[in-house]
Amino acid sequence: MKKSNFLCPKCKGHLNAGGYVIFSTKNKRKQRGLVLLSPKVGSYSVKYHESYGFEKGEAIDFACPICSKSLHAKENSENVSIIMVDENDTEYKVLFSRIFGNQSTYVLSNDDVEVFGDDAVEFDDLLEDSDFL
Ligand SMILES: [Zn+2]
């Protein structure tokens, strides 16, 4: 996965800028800030302002910085869901954990799921609602 573009599933706005994927977030203390994630799937480096932050294990609220809609996955509300388009214009749905410190990413294409991260589980175990798929 080299040059992937990430899009908001709600407004189709581009979430990439300056080499990062950018999100509007809120922590448990109701503070708000931008979070920059690596566009490399399976990389968990994260950037945010030094006076903003998270505690390990807390659920971060993720929203699109363009349309402000929530990006929480309908498949599992502890995950964020966005669209990834790779250099071949193939579209994937990407889910990743919104629990701070949890490293798990699921890349879904039509008939396949690729799983990344030390904390990932079987994708089937992630589904809260069995009418998905
Ligand atoms: Zn949006």
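Residues numbered from 1 in each chain as written. Predicted model: local features only at pLDDT ≥ 70, side-chain atom pairs only at ≥ 80, totals over all residues. Heavy atoms only, no water.

Caption draft 1: Geometry of the nonpolar core. Counting 21 residues, the largest nonpolar core has L15, F23, F62, L71 and I82 as its most contacted members. For this core, the secondary-structure elements that each account for two or more residues are strand 3 (20-26), strand 4 (32-37), strand 7 (79-85) and strand 8 (91-97). Not counting residues up to four positions away in its chain, the partners in contact with F23 are L15, G33, L34, V35, L37, F62, A63, P65, L71, I82 and F96. Grouped together as the second largest cluster of nonpolar side chains are 6 residues, A73, L95, F123 and L126 included. (Core = buried A, V, L, I, M, F, W, Y, C linked by side-chain atoms within 4.5 Å. Buried < 20%, exposed > 50% of the residue type's maximum accessible area, 1.4 Å probe, protein only. Helix = DSSP H or I, 4+ residues; strand = E, 2+ residues; numbered from the N terminus. Contact = heavy atoms within 4.5 Å.)

Caption draft 2: Spatial organisation of the pairing of strand 4. Only one face of strand 4 is buried: it carries G33, V35 and L37, and the other face, with R32, L34 and L36, is open. Where strand 3 and strand 4 come together, 6 bridges link them in antiparallel fashion. Of the residues in strand 4, the one forming a bridge with F23 is V35. In this structure, the hairpin formed by strand 3 and strand 4 is closed by a connection of 5 residues, where K30 is found at a positive phi of approximately 65°. In the sheet, strand 4 pairs with strand 5 (residues 46-47) via 2 bridges, with the strands oriented antiparallel. Across the sheet, L37 pairs through a bridge with V46, a residue of strand 5. (Pairing = 2+ DSSP bridges.)

Caption draft 3: Spotlight on the pattern of salt bridges. Counting across every chain of the model gives 5 salt bridges. Across the pair E58 and R29 runs a salt bridge, and its minimum N-O distance is 3.1 Å. Here the residue E58 occupies a position in the loop between strand 5 and strand 6 (61-63), and R29 occupies one in the loop between strand 3 and strand 4, the gap between them amounting to 29 residues. Under the relative-accessibility criterion, E58 is labelled buried at 7%. By relative accessible area, which is 38% here, R29 ends up partly exposed. Residues E75 and K74 are paired through a salt bridge, measuring 3.7 Å at the closest nitrogen-oxygen approach. What emerges from the salt-bridge pattern is a single network uniting R29, E55 and E58. (Salt bridge = Lys/Arg side-chain N within 4 Å of Asp/Glu carboxyl O.)

Caption draft 4: The coordination of the zinc ion, seen in detail. Protein ligation of the zinc ion involves C8 (SG), C11 (SG), C64 (SG) and C67 (SG), the donor distances falling in the range 2.3 Å. Seen from the zinc ion, its 4 donor atoms lie at angles of 102 to 113°, and the figure they make is tetrahedral. Each donor residue of the zinc ion lies on one chain, and together they are spaced C-x2-C-x52-C-x2-C. Classification of C8 as buried rests on a relative accessible area of 0%. A residue is classified by how much of its surface remains accessible, and C11, at 32% relative accessible area, is partly exposed. (Donors = N, O, S within 2.8 Å, 3.2 Å for Na, K, Ca; no water. Tetrahedral: all angles 85-135°; square planar, octahedral: opposite > 155°, others 65-115°.)

Caption draft 5: How the structure looks around unusual backbone geometry. The backbone of K12 shows a phi angle near 60°, a positive value even though the residue is not glycine. Structurally, the position occupied by K12 is in the loop between strand 1 (5-7) and strand 2 (16-17). Classification of K12 by relative accessible area gives partly exposed; the value is 47%.

Caption draft 6: Main features of the sheet that holds strand 7. Spatially, the 5 strands line up as an open sheet ordered 1-7-8-9-10, and their pairing is antiparallel. Every other strand in the sheet has two partners, leaving strand 1 and strand 10 (113-116) as the edge strands with one partner each. With strand direction ignored, the average angle separating the axes of adjacent strands in the sheet is 30°. Bridge analysis of strand 1 against strand 7 gives 3 bridges, and the strand direction is antiparallel. The residue bridging N5 from the neighbouring strand is V85, located in strand 7. (Axes fitted to C-alpha atoms, helices over the stretch in contact; angles between N-to-C directions.)

Purely geometric stuff here, so don't read any function into it on its own.
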